[in-house]
Amino acid sequence: RCRFITNTESIRVSVDPLSIPVKLGKKGLTNVINHLLGGGEDRSFDFLVYSSDAKDSQLSKKLLRKSLRAHFEDTEMSTEQLVTVEYFLSLPRPSDGGQCSADEWIGSVCGIDQEINGLQTFVSGSYDGQLHIVSADTSRLGNQTAHDGAVKTVSSCGDIVVSGGHDKVLRTWRIKESDEVVSLEPIGIGESSNRAHESSIECSTVQTDDSSGTPMILSGDWDGRLCFWQNGSAEVASAKKQKTGARSTQEALQNIAPVETWKAHAHCVSEVRWVRETRGVAATASWDHSIKTWDVERQDCTCTINTSKVNSCMDARADMVLSGHPQGLVRLWDVRHDPGTSSAATMTFGSEVSKGWVSGVQWCPVLPHIIGASTQDGYVSMFDMRSSRPLFTFKAHGSNKEEEKSLCVTWGGDTLVSGGTDKQLRMFSFSNIN
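Quick caveat: nothing in here was measured; it's all calculated off a predicted structure.

Colleague: Whenever I open this one, the overall build of the chain confuses me. Can you help?
Modeller: The secondary structure content of the chain amounts to four helices and 32 strands. Residue burial in the chain is summarised as follows: out of 434 residues, 53% are buried. Taking contacts inside the chain between residues at least 6 apart in sequence as the whole, the part at least 24 apart equals 51%. In the structure as shown, the chain presents an accessible area of about 18,800 Å², 45% of it carried by carbon and sulfur atoms.

Colleague: Is there a simple way to explain the pairing of strand 11 (residues 160-165) in this structure?
Modeller: When a strand is regular, its side chains alternate between the sheet's two faces. In terms of burial, strand 11 is largely enclosed, as six of its six residues are buried. Neither face of strand 11 is exposed, since I160, V162 and G164 on one face and V161, S163 and G165 on the opposite face are all buried. In terms of strand pairing, strand 10 (residues 151-157) meets strand 11 through six bridges, oriented antiparallel. Each residue of the ladder has a partner; that of T153, found in strand 11, is G164. Bridge count between strand 11 and strand 12 (residues 170-178): five bridges; the pairing is antiparallel.

Colleague: How do you make sense of unusual backbone geometry when you look at a structure like this?
Modeller: Peptide bonds are mostly trans, and most non-glycine residues show a negative phi. Positive phi, close to 60°, is recorded for N117, a residue that is not glycine. Here N117 shows up in the loop between strand 6 (106-111) and strand 7 (121-126). Of note in this structure, S308 is not a glycine but carries a positive phi near 65°. The topology assignment puts S308 in the loop between strand 21 (300-306) and strand 22 (313-316).

Colleague: Just to check I follow, could you spell out the nonpolar core for this structure?
Modeller: Most often, soluble globular proteins keep nonpolar side chains buried together rather than apart. Core analysis: the largest hydrophobic core is formed by 19 residues, its most contacted members being F4, I20, L29, F47, L68 and Y87. Of all the elements in the fold, those that place two or more residues in this core are strand 1 (2-5), helix 1 (26-36), strand 2 (45-50), helix 2 (68-75) and strand 4 (83-89).

Colleague: I would appreciate a short explanation of the packing of aromatic side chains in the present structure.
Modeller: The geometry of two aromatic rings is summed up by the distance between their centres and the angle between their planes. This structure, assessed with the given rule, holds 10 aromatic pairs. Judged by centre distance (5.8 Å) and plane angle (80°), the ring pair of F45 and Y87 falls under edge-to-face. Linking F45 in strand 2 with Y87 in strand 4, this pair joins segments that are 42 residues apart in sequence. The same class applies to F45 as to Y87, namely buried.

Colleague: Teacher, can you tell me more about the environment of Q130 here?
Modeller: Along the chain, the position of Q130 falls in strand 8 (residues 130-135). Note: C-alpha distance between Q130 and A150 (20 residues apart in sequence) is 8.2 Å. Leaving out residues up to four positions away in the same chain, Q130 has contacts with S124, G125, N143, Q144, T145 and V151. Engagement of the side chain of Q130 in a polar contact is seen with the side chain of T145, the distance being 2.7 Å.

Colleague: Can you help me understand the side chain of H397 in this one?
Modeller: For H397, the location among the structural elements is in the loop between strand 29 (390-395) and strand 30 (406-412). Engagement of the side chain of H397 in a polar contact is seen with the side chain of S418, the distance being 2.8 Å. Each residue touching H397, except ones within four places of it in the same chain, is listed here: G378, E404, K405, S406, S418, G419, G420, D422, Q424 and R426.

Colleague: What is the right way to look at the sheet that holds strand 5 (residues 95-101) in this model?
Modeller: Strand pairing in a sheet relies on backbone hydrogen bonds, with the paired strands running either antiparallel or parallel. Here we have four strands laid out as an open sheet, ordered 5-32-31-30, and antiparallel in their pairing. The sheet is open, and its two edges are formed by strand 5 and strand 30, each paired on a single side. Averaged over all pairs of adjacent strands, the angle between strand axes in this sheet comes to 20°, irrespective of strand direction. Bridge count between strand 5 and strand 32 (residues 424-429): six bridges; the pairing is antiparallel. What sits directly across from S101, in strand 32, is Q424.

Colleague: Honestly, the pattern of salt bridges in this entry has me stumped. Any pointers?
Modeller: Side chains carrying opposite charge are able to pair once their charged atoms draw close together. Taken as a whole and assessed by the stated rule, the structure comprises 12 salt bridges. Among the charged side chains, a salt-bridge network with shared partners connects E271, R273 and D315.

Colleague: Which parts of the structure should I look at to understand the side chain of T415?
Modeller: Along the chain, T415 falls in strand 31 (residues 415-420). Overall, the relative accessible area of 3% leaves T415 in the buried class. Not counting residues within four places of it along the chain, the set of residues in contact with T415 comprises F122, A136, T410, M427, F428 and S429.

Colleague: Explain the environment of T348 to me, please; I cannot follow it from the model alone.
Modeller: Following the sequence through the fold, T348 ends up in strand 25 (residues 345-349). Spatially, the C-alpha atoms of T348 and L332 are 6.3 Å apart, while their sequence positions differ by 16 residues. If sequence neighbours within four positions are ignored, T348 has contacts with L329, V330, R331 and S388.

Colleague: How do you make sense of the sheet that holds strand 4 when you look at a structure like this?
Modeller: Pairing is mixed in the open sheet, where four strands are placed in the order 1-4-2-3. The strands lining the two open edges of the sheet, one partner per strand, are strand 1 and strand 3 (61-63). Direction aside, neighbouring strands of the sheet carry axes that sit 30° apart on average. Against the sheet, helix 1 touches strand 1, strand 2 and strand 4, its axis set at about 105° to strand 2. Along the sheet, helix 2 makes contact with strand 1, strand 2, strand 3 and strand 4, crossing strand 2 at roughly 35°.

Colleague: Help me understand the pairing of strand 8, please; the structure alone is not making it clear to me.
Modeller: When you tally the buried positions in strand 8, you get six out of six residues, the bulk of the element. When strand 7 meets strand 8, the two strands line up antiparallel, connected through five bridges. From the neighbouring strand, S124 faces strand 8, where its bridge partner is H132. Note that strand 8 and strand 9 (residues 140-145) share five bridges and pair antiparallel. Among the inter-strand pairings, H132 is bridged to a residue of strand 9, identified as N143. Between strand 8 and strand 9, which pair antiparallel one after the other, the connecting turn spans four residues, and T138 there sits at a positive phi close to 70°.

Basis of the calculations
- Residues numbered from 1 in each chain as written.
- Predicted model: local features only at pLDDT ≥ 70, side-chain atom pairs only at ≥ 80, totals over all residues.
- Heavy atoms only, no water.
- Helix = DSSP H or I, 4+ residues; strand = E, 2+ residues; numbered from the N terminus.
- Buried < 20%, exposed > 50% of the residue type's maximum accessible area, 1.4 Å probe, protein only.
- Contact = heavy atoms within 4.5 Å.
- Areas by Shrake-Rupley, 256 points an atom, 1.4 Å probe, with all protein chains shown as cover.
- Pairing = 2+ DSSP bridges.
- Core = buried A, V, L, I, M, F, W, Y, C linked by side-chain atoms within 4.5 Å.
- Phe/Tyr/Trp six-rings, centres within 6.5 Å; stacked < 30°, edge-to-face > 60°.
- Polar contact = N/O pair within 3.5 Å; in protein donor to acceptor, adjacent residues only side chain to side chain.
- Axes fitted to C-alpha atoms, helices over the stretch in contact; angles between N-to-C directions.
- Salt bridge = Lys/Arg side-chain N within 4 Å of Asp/Glu carboxyl O.

Here you go:
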């Protein structure tokens with residue numbers, strides 16, 4: 001017997017239990033709901049089956065991807081008990097939002113918080129050292145020469161953008177709009193000569209200090225080193241310029257050094273993230289088969305998860321971490337569990353189509369249970385964290401005849417963006433994602 005519930009008033013049906021054949025899956029249950037609604041408009045629904053013994057509310061609901069019988073067998077639920085099934089309108093298949101070309105491989109991309117001309121905006125970094133400002137309609141708003149060599153990371157917070165690359169240099173920028181021209185104004189630079197990175201900068205993350213508004217930046221490099229920066233703001237640049245008289249702002253910023261530098265991993269730091277909703281706490285992922293959380297002020301490792309695989313990318317929340325791996329798999333970790341037990345890995349996501357190295361993974365900022373991932377066989381996938389199978393998989397880069405890699409992925413509102421070795425920034429837009 002099933003009891004159907006929903007959070008959407010316009011499609012609500014009676015909560016009285018119904019006897020439902022266990023052979024039904026998504027299509028069959030959709031027909032049941034449409035019949036209960038009066039048989040008018042045929043709409044597509046997805047279904048969450050509640051597990052009565054799950055300890056975590058986020059993990060107590062599983063998306064139905066098989067028949068009810070197969071789902072009960074997989075989850076060891078009894079068909080004799082009353083089962084609660086939540087239903088909601090299916091997420092529409094994303095539309096191809098177009099593409100924007102660059103002159104070289106696009107190895108990094110991030111969405112920025114502020115909209116420009118009413119559209120979500122992105123900053124991408126390419127292997128010729130250029131940064132590109134691109135809007136969600138694929139219009140290129142501006143370019144900036146940033147690095148000598150490949151740009152491996154871009155990140156943003158508010159109007160602040162951070163970039164790093166093979167030249168071992170970290171740069172901070174401010175997005176400026178004037179006379180319908182969008183540009184990146186340099187406001188900070190950190191070089192290896194100032195106790196910073198001595199190898200390629202592979203990742204970065206930025207948030208602003210609540211009291212001062214100063215950018216707080218973390219950057220990781222190929223050798224496993226992590227740098228914490230609290231300078232590079234416009235105020236710092238202005239103060240240094242006043243002290244140096246005729247020297248330009250760019251010259252005055254040559255001596256910026258990280259506040260702290262420490263050896264975080266034995267190998268490449270593939271990703272670093274400020275943990276959402278938790279100030280002063282960050283997570284790092286590495287090729288040394290570990291994910292770590294840090295109290296940044298003390299440089300104290302508060303948790304280590306041994307993943308047994310290379311971690312090629314990562315995203316983090318207050319209680320959960322996503323990691324991508326060379327085997328084409330994305331794994332979800334609950335950091336509240338004992339990291340030494342197998343229960344720390346709560347779910348593994350994979351696609352039957354895409355088996356390539358996972359180059360990027362990120363939670364959707366609009367729907368917190370939706371995950372976007374890119375792989376180096378040119379695919380972009382979208383997962384619901386309540387199911388191990390992807391909702392959608394697209395060939396974003398290359399074709400069946402031409403093999404190209406997807407090197408990075410990010411969300412901007414309801415738009416999923418990927419950059420690759422075909423020198424294209426591809427966009428996929430989701431209508432009615434809310």
